[in-house]
Amino acid sequence: MGLLEVDSLRVDYRTRRGSIRAVDDVSFKLEKGELLGLVGESGSGKSTLGLSIIRLVPPPGVIEQGSIRIDGDDIIDFSAEKMQSIRGSQISFIFQDPMTSLSPVKKISEHFIEFIRTHEPKTTKAEALKRANTTLRDVGILPERIADYPHQFSGGMRQRIMIALAITLNPEIVIADEPTTALDVIVQAKILDLLTELRDRYGMAWILITHDLSVVLERCDKILVMYAGGIVEYADSKELFRNPRHPYTQRLLQGIPNIEFSDQKLKAIPGSPPNLLNPPNGCSFSPRCSEGEPRCKSEKPQLLEVIPNHFVRCFKEM
Amino acid sequence: MGLRSYIIVRILLTIPLIMLLLSIVFLIIRVIPGDPVLLHFERKASEEAVEAMRQRLGLDKSLPIQYFEYLGGLFRGDLGRSMQDFSPVSEQIFSAFPATLELAICSMLVATTIGILLGVKASESYNSLKDHLIRAFGIIVYAMPIFFLGMIFQMIFAINFHWLPANGRFPPRLTEPRGMILFMNQPVGIAVWSFMIGLLCLALHVGLLRMKGVRFWGQGSTISLSHFMIVWIVGFTVWIVGFSYAQLNMSGVVRVSTGLFTVDSVIEGNILKFVESLRYLFLPSLTLGLVLSGVFIRLTRSNMLETLRLDFVTAAKARGLKESTVTYGYALRNAFLPILTMMGLQFATLLGGAILTETTFSWPGLGRYLVDRINFRDYTAIQGAVVYFALIVAVVNLIIDILYAYLDPRIRY
Ligand SMILES: Nc1ncnc2c1ncn2[C@@H]1O[C@H](COP(=O)(O)OP(=O)(O)OP(=O)(O)O)[C@@H](O)[C@H]1O
Ligand SMILES: [Mg+2]
């Protein structure tokens, strides 16, 4: 039994113009202490998938079917109170934009105290502060700055604070939704290193959401590639790097600039993702695929385990 | 710039504002038809008498001289004497002020409580039936003429049921033991009142314990019959002491120390007078508060809708904070500044006198004072009221500005 098991999850946004299938039949497993990279271009449903794991998909989004098991319990069946009690304590979520993730009128200390005491009401303020200080030191923020307001910190520091908040209560799973996209490149690398370091120290499992395959390739244990709401490929990162099997993954890998081949051009994939209101009949990538067969346009390929622990959704591999 | 210099600059800036307003009003009241001199005489008076009165009021002088004489007085802090009864205008304003202040505070309480609570509820269930109903309610009360709503309330609560007084601020005399108010001296009334007072004491007690971190309704501790007995006994004791003390002090009018009858009666320690002043406040505050609440519903709703979409609200939910903490502690707290601005504006306007409400309920505040004096073309009184009003607006705005900095750490002066 894995720590987190998502099975045939489907999430729709029920808009006035029709249902948008943002997450389409997604299944995967996350083990204790594992670092999973969730990759896909904008609009592929990464955030929706992440948010559905804490059951905070914004309306009009609805989890239509599937199960999300944490330690064997399906959280879809949890009551609202039960859900509140595991958010932040068992599963944490880190948002993309650290500049807007903290309430501008509350001190950092207030964020921590309120959070800790919500989950552990017996904790005194002093104890909560002490714990906050420890975690802040862990993420590289000087504890004496705990009495400052969010606007007194830089973006990178604020993201460190968000990370500290996320790990304070020792959750088993932390989901980080593009935690570095809003930051500059050097800060980006430092924050990502911090995540792996925290994983090594505390052993929580991470789901790292990003649109940039190069970011997760060397840091994550496993990689899950999403396209138009569905999984197209799911494998160990080394395996994925050496033997990418899905044409989309192959294109993504080609898109990564490589210093060794300096004359190499950065290739964008031609075309654009499908309209999720009226998805194509067959494989959702087929309109942009250069290796397509006729049946790609009419039939939907299944996600298959082509070799152990390497899943691909493509007719080529069948 | 420090806070102190900011305050000083702001106060200095209000001086030209007051001057401008005053000059305009000074001219306008002299242009509109009507003559305070003639209004002193019931029927045709002799030329000489009229001329003597004109001299006495200082209206025989040329306009510029009148203007500068008035300004001169103003800079010495003298608002002049009323043209109607010759007593100092500042004293008159000062004595009408508490009634207006009391009404302003109470109706603001009603308006903001209803407005903010309903506005938050509407935003929470955006686009649902509840949302639409609340919005409709807001528009209807906003469009409702005050005197119409006031008259309906008077008809229902005062004339039909005799629960509440329709007019005025306090009974001329507290006749009889006013124990009949809400059955305070009847057995059933005593029982109910004792229980309510006792419950209040208990609630305060529990509240204090909880603040210290003691959990009251924890596992194992159930509410037993003895709890109710204690509630009753505490309530009865408080009631007996309060009521008998009040009975001893039935001298009628409220002894004025602040001019706010609710506060004065508490200072005096007279429960009956307190209840009585609340009863008189009830209908005017409810009417005015309801009408004003429409603005607050709309403002709260739209600001909440904007704030609820922000990342820190979702982030707070993702940390497992309680729904109410997220709604009030995060969303409303951050949506509050525009609401506060509106509160300041409305409060300042109310302090200028709620003319319609005060007229409908014969409330002896500044609104009625002003109407009265305009009818009489009491130039000095009107000018005095304008100066007072400009000052009030300036002071309230200043206080709001200072509160801003207190509420939002990003704002510094
Ligand atoms: N509130 C919403 N209402 C309607 N459709 C939505 C809503 N939120 C997202 N969607 C749609 O769901 C799909 C998936 O969105 P999602 O935000 O999960 O993508 P993403 O992979 O996180 O993209 P990005 O990299 O831009 O963050 C998109 O097609 C988007 O248009
Ligand atoms: Mg996203």
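Residues numbered from 1 in each chain as written. Chains lettered and ligands numbered in written order. Predicted model: local features only at pLDDT ≥ 70, side-chain atom pairs only at ≥ 80, totals over all residues. Heavy atoms only, no water.

Would you explain the overall build of chain A in this entry?
Looking only at helices and strands, chain A features nine helices and 12 strands. The C-alpha atoms of chain A give a radius of gyration of 20 Å, which matches the 20 Å a tight globule of 318 residues would have. With the C-alpha coordinates aligned to their principal axes, the bounding extent of chain A is approximately 65 × 50 × 40 Å. Within the span of chain A, comprising 318 residues, buried residues form 53% of the whole. Partitioning the contacts of chain A with sequence separation of at least 6, the portion at a separation of at least 24 is 64%. In the form shown here, chain A has an accessible surface area of approximately 14500 Å², with 50% of it arising from carbon and sulfur atoms. Charge separation in chain A, taken as the distance between the mean sites of 40 positive and 42 negative side-chain charges, equals 4 Å. (Helix = DSSP H or I, 4+ residues; strand = E, 2+ residues; numbered from the N terminus. Rg over C-alpha atoms; globule rule 2.2 N^0.38 Å. Buried < 20%, exposed > 50% of the residue type's maximum accessible area, 1.4 Å probe, protein only. Contact = heavy atoms within 4.5 Å. Areas by Shrake-Rupley, 256 points an atom, 1.4 Å probe, with all protein chains shown as cover. Lys, Arg positive; Asp, Glu negative; His and termini not counted. Charge placed at Lys NZ, Arg CZ, Asp CG, Glu CD.)

Looking at this structure, how should I read the packing of helix α9 (residues 261-268) of chain B against helix α10 (residues 271-308) of chain B?
Helix-helix packing: each pair is described by the crossing angle between the helix axes and the interaxial distance. Residues and elements named next belong to chain B. For the pair α9 and α10, the least separation of the axes is 8 Å and the interaxial angle reads 170 degrees. With respect to each other, α9 and α10 are oriented roughly antiparallel. Facing α9, whose interface residues are Phe261, Thr262, Ser265, Val266 and Glu268, α10 presents Lys273, Phe274, Ser277, Leu278 and Leu281. For the contact of α9 with α10, a count of residues per class yields five nonpolar, three polar and two charged. (Axes fitted to C-alpha atoms, helices over the stretch in contact; angles between N-to-C directions. Parallel < 35°, antiparallel > 145°, perpendicular 65-115°, else oblique. Nonpolar A, V, L, I, M, F, W, Y, C, P; charged D, E, K, R; others polar.)

It is not clear to me how the sheet that holds strand β10 (residues 230-236) of chain A should be interpreted in this structure. Could you clarify?
Sheets are built from strands that pair by backbone hydrogen bonding, the pairs being arranged parallel or antiparallel. Residues and elements named next belong to chain A. In spatial order, the strands read β6-β7-β8-β3-β9-β10-β12-β11; together these eight strands make up an open sheet with mixed pairing. The open sheet terminates on both sides in strands that have one partner only, identified here as β6 (91-94) and β11 (304-307). Taken over all neighbouring pairs, the strand axes of this sheet differ in orientation by 20 degrees on average, direction set aside. Along the sheet, helix α1 (residues 46-53) makes contact with β3 (35-39), β6, β7 (173-177), β8 (205-210) and β9 (222-227), crossing β8 at roughly 150 degrees. Of the strands in this sheet, β3 and β8 touch helix α6 (residues 185-202), which is tilted by about 160 degrees from β8. (Pairing = 2+ DSSP bridges.)

Please clarify how the site of ligand 1 should be interpreted in this entry.
All names here are of chain A. What surrounds ligand 1 is a group of 15 residues, the closest being Ser42, Gly43, Lys46, Ser47 and Thr48. Here an oxygen atom of ligand 1 and a backbone polar atom of Ser44 are 3.2 Å apart. One of the side-chain N or O atoms of Thr48 is found 2.4 Å from an oxygen atom in ligand 1. Mapped onto the shell around ligand 1, the elements with two or more residues apiece are β1 (4-15), β2 (18-30) and α1. Per element, the largest residue contribution to the shell around ligand 1 is three residues, and it comes from α1. Class assignment for the residues of the shell around ligand 1 results in five nonpolar, seven polar and three charged. (Near = heavy atom within 4 Å. Polar contact = N/O pair within 3.5 Å; in protein donor to acceptor, adjacent residues only side chain to side chain.)

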